[in-house]
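Coordinates in review
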2 protein chains.
Amino acid sequence: MDTRVLKQFVTLAECLHFGRASETSHVSPSALSRSIRRLETETGATLFERNNRSVELTRAGHLFLTYARDALGQWDSIQNLLMEESGELRGEISMYCSVTASYSFLFEILTRFRHDHPHVEIKLHTGDPEDAVARVLAGDEDISIGARPGRLHAGLAFKLIEFSPLVFIAAEGQPGPDARNWAETPMILSERGLARRRVDEWFRSLDVQPRIYAQVAGNEAIVSMVSLGFGVGVVPRIVLENSPLSDSVCILDVKPKLKDYEVGLFTLEKKLASPLISAFWQQLK
Amino acid sequence: MDTRVLKQFVTLAECLHFGRASETSHVSPSALSRSIRRLETETGATLFERNNRSVELTRAGHLFLTYARDALGQWDSIQNLLMEESGELRGEISMYCSVTASYSFLFEILTRFRHDHPHVEIKLHTGDPEDAVARVLAGDEDISIGARPGRLHAGLAFKLIEFSPLVFIAAEGQPGPDARNWAETPMILSERGLARRRVDEWFRSLDVQPRIYAQVAGNEAIVSMVSLGFGVGVVPRIVLENSPLSDSVCILDVKPKLKDYEVGLFTLEKKLASPLISAFWQQLK
DNA sequence: TGCATATATATCATTTTACGCAATATTTCC
DNA sequence: GGAAATATTGCGTAAAATGATATATATGCA
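The shown structure was predicted, so the numbers you read here are calculated from the model rather than taken from an experiment. (Residues numbered from 1 in each chain as written. Chains lettered and ligands numbered in written order. Predicted model: local features only at pLDDT ≥ 70, side-chain atom pairs only at ≥ 80, totals over all residues. Heavy atoms only, no water.)

1. With respect to the packing of helix H1 (residues 4-15) of chain B against helix H4 (residues 59-86) of chain B
Residues and elements named next belong to chain B. Rules: As a rule, the C-alpha atoms of each element are fitted with a line to give its axis, helices using only the stretch in contact, and angles between N-to-C directions run from 0 to 180 degrees. Secondary structure elements are taken from DSSP: a helix is a run of H or I of four residues or more, a strand is a run of E of two residues or more, and numbering for both begins at the N terminus. In what follows, roughly perpendicular refers to angles from 65 to 115 degrees, roughly parallel to angles under 35, roughly antiparallel to angles over 145, and oblique to any angle outside these ranges. Note on convention: the crossing is left-handed when the near helix lies turned anticlockwise from the far helix by less than a right angle, right-handed when the turn is clockwise. The contact definition used throughout considers only heavy atoms, calling two residues in contact when any of these lie within 4.5 Å. Residue polarity is assigned by list, with Asp, Glu, Lys and Arg as charged and Ala, Val, Leu, Ile, Met, Phe, Trp, Tyr, Cys and Pro as nonpolar; anything else, Gly included, falls into the polar class.
Packing of H1 against H4 leaves a shortest axis separation of 10 Å and a crossing angle of 130 degrees. Considering the angle they form, H1 stands oblique to H4. Seen along the crossing, H1 lies across H4 with a hand that is left-handed. Contact with H1, carried on its side by Leu6, Lys7, Phe9, Val10, Ala13 and Glu14, involves Gly61, Phe64, Leu65, Tyr67, Ala68, Arg69, Ala71 and Leu72 of H4 and no other residues of that element. Counted by class, the contact of H1 with H4 contains 10 nonpolar, 1 polar and 3 charged residues.

And the structure:
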């Protein structure tokens, strides 16, 4: 069965933009354009009212969207049903995590999972772990790995893997923490996200205006810059433990300590109904 | 959307025979075999338990069959819904009738219908009109043309087009009916069907054992043989009216007359729910 | 047991279909 | 009025599906 066209249609109906929709669907814009056109000739209805500047669902398009969502849901259901029937899981899970995560615990998790369910394919995407929650919420990924934020978004499920202290690091051979003048220390920080918020708060509590040398995305980049002596950075300790540069930096004994990262898995609660996601989820712990 | 594979699956599930199923689906056996296999790898379940001698639905196959029927039904529904929405009919109707029917009233009917609904394709199959009812009942065709049988099968809808007398014909220049000795007249009759039953009954009422020269399928063949002087035949008059051989034969004034044929359209009552079939049906009258 | 038949599947050449890239046309914004 | 954005089309290529034929295997019958 060919569900791709239906998925493409739904994607386009949701973002109303051929370029973005084609990207999400992993096809070229021209291919998407032709798929939609084929669908339209096949149904005999115009599904999108579009000119070169805007895309809108027609009345018929709305009707078809309801159908498409339904049909895709039922296809999923029968897949799951047959899966249960055979007792063997099949399908695909998309994951998102940082490079560090993929090197450390993910490797072990995936090895075990692959052994138990050899027919489930894992599509792994790596990137800034600060996007972990957003990507799952947006539906871009089934599961992601990241740090638990203070408040969990409604409908979001979280499973703790381990605690990892958020530590200050400096290049090997820097002056000790007591001698440090924070207002003049060049800092290498995340552009955004949980780590950045915690550090900002930390400086506020000390009533110090930090001197920010660089704002970067991704913890690995922070370690690199710190090891080169550009300044002091803040990363989860687990990043250090998996970094080839860990010998070039040292952890500073800073007071007060930053709150530990709670590293774990995110997924949408509703996705736990899927046997695949559920199996992955259950296996942990 | 690709519904062909699902249709093929349902067909196979119903007849449990690759050869016949492939014929019904208008593909080669090898293509069907591969389609099913693809479906099986895709779902990860064995849908048919088969060796070179028998085909059976597995448990998973039954589940999938339910799904497939449902999915096809919903696809039909959305097609119909969009059709109503646009007010323009699209799709395909399969028809079955005799060559004579296609030459006579069908031409006019189709011309009109095609004008009103240019996007509806008519797949016309011709053959022995005695099969008209059976083919519709078997689901091979949406609509067929033939003579109304004495009792209408349950669920079968019939719409009268016109009455046509069932007449005895002989080659031009044969002796008149009064002089005829029925027991010795070579008869050219249908192998089976309504005409044959009526003729058999007619002979029985005369208490005569007919001398059957040939039994053929198709009224056109009867006219041919009669015109060549092989004997006396019985056909609906409409066949004569559309036959290039009509000048070579003459109608015998036989008593008692056979009951008129009620020529008309057949379809399944449930198919009248489809906008396409319904439109075709409504247009007549 | 062995041969003929039926029938699902594998092989291979061919046709059909889908795709991506680049070019095009059209709309909107400045 | 020009520039940027963006859906679409043409065209060459790659992939997929198909049909004809061959093959393997199971069944029935002598």
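2. Brief notes about the interface of chain A and chain B
For the record, the criterion: Buried area counts how much accessible surface, traced with a 1.4 Å probe, disappears from two parts once they are put together, with both parts' losses summed. We define a salt bridge as a side-chain nitrogen of Lys or Arg found within 4 Å of a carboxyl oxygen belonging to Asp or Glu. Between N or O atoms, a polar contact is any pair within 3.5 Å; within protein, one atom must be a potential hydrogen donor and the other a potential acceptor, and residues adjacent in sequence are included only when both atoms are from side chains.
Listed as interface residues are 23 residues of chain A and, on the opposing side, 23 residues of chain B. Summed over both sides, the interface between chain A and chain B buries roughly 2,500 Å², with carbon and sulfur atoms accounting for 62% of that surface. On the chain A side of the contact with chain B, A:Met1, A:Tyr67 and A:Leu82 bury the most area, a combined 28% of that side's loss. Residues A:Glu85 and B:Arg59 are paired through a salt bridge, measuring 2.3 Å at the closest nitrogen-oxygen approach. At the junction of chain A and chain B, the tally comes to 6 residue pairs in polar contact (both at pLDDT 80 or more). Among the elements of the structure, helix H3 (29-43) and helix H4 (59-86) of chain A are those that each provide at least two residues to the side of chain A that touches chain B. Tallying contributions element by element places H4(A) first for the side of chain A that touches chain B, with 13 residues.

3. Quick look at unusual backbone geometry
Condition: Burial classes: relative accessible area under 20% of the type maximum marks a residue as buried, over 50% as exposed, and values in between as partly exposed (1.4 Å probe, protein chains only).
A cis amide bond links A:Lys255 to the next residue, A:Pro256, at an omega of -10 degrees. Inspection of the secondary structure puts A:Pro256 in the loop between strand E11 (249-252) and strand E12 (261-268). The phi angle at A:His26 is positive, at roughly 60 degrees, despite the residue not being glycine. Turning to its location among the elements, A:His26 is positioned in the loop between helix H2 (18-24) and H3. With a phi angle near 60 degrees, B:Asp207 is a residue other than glycine that sits in the positive phi range. B:Asp207 sits in the exposed class, given a relative accessible area of 70%.

4. Some words on the pattern of salt bridges
Under the counting rule described, the total for this entry stands at 26 salt bridges over all chains. Between B:Arg192 and B:Glu191 there is a salt bridge, with the nearest N and O atoms lying 3.9 Å from each other. Residue B:Glu191 is classed as partly exposed on the basis of its relative accessible area of 44%. Among the charged side chains, a network of salt bridges with common partners joins A:Asp128, A:Asp131, A:Glu191 and A:Arg192.

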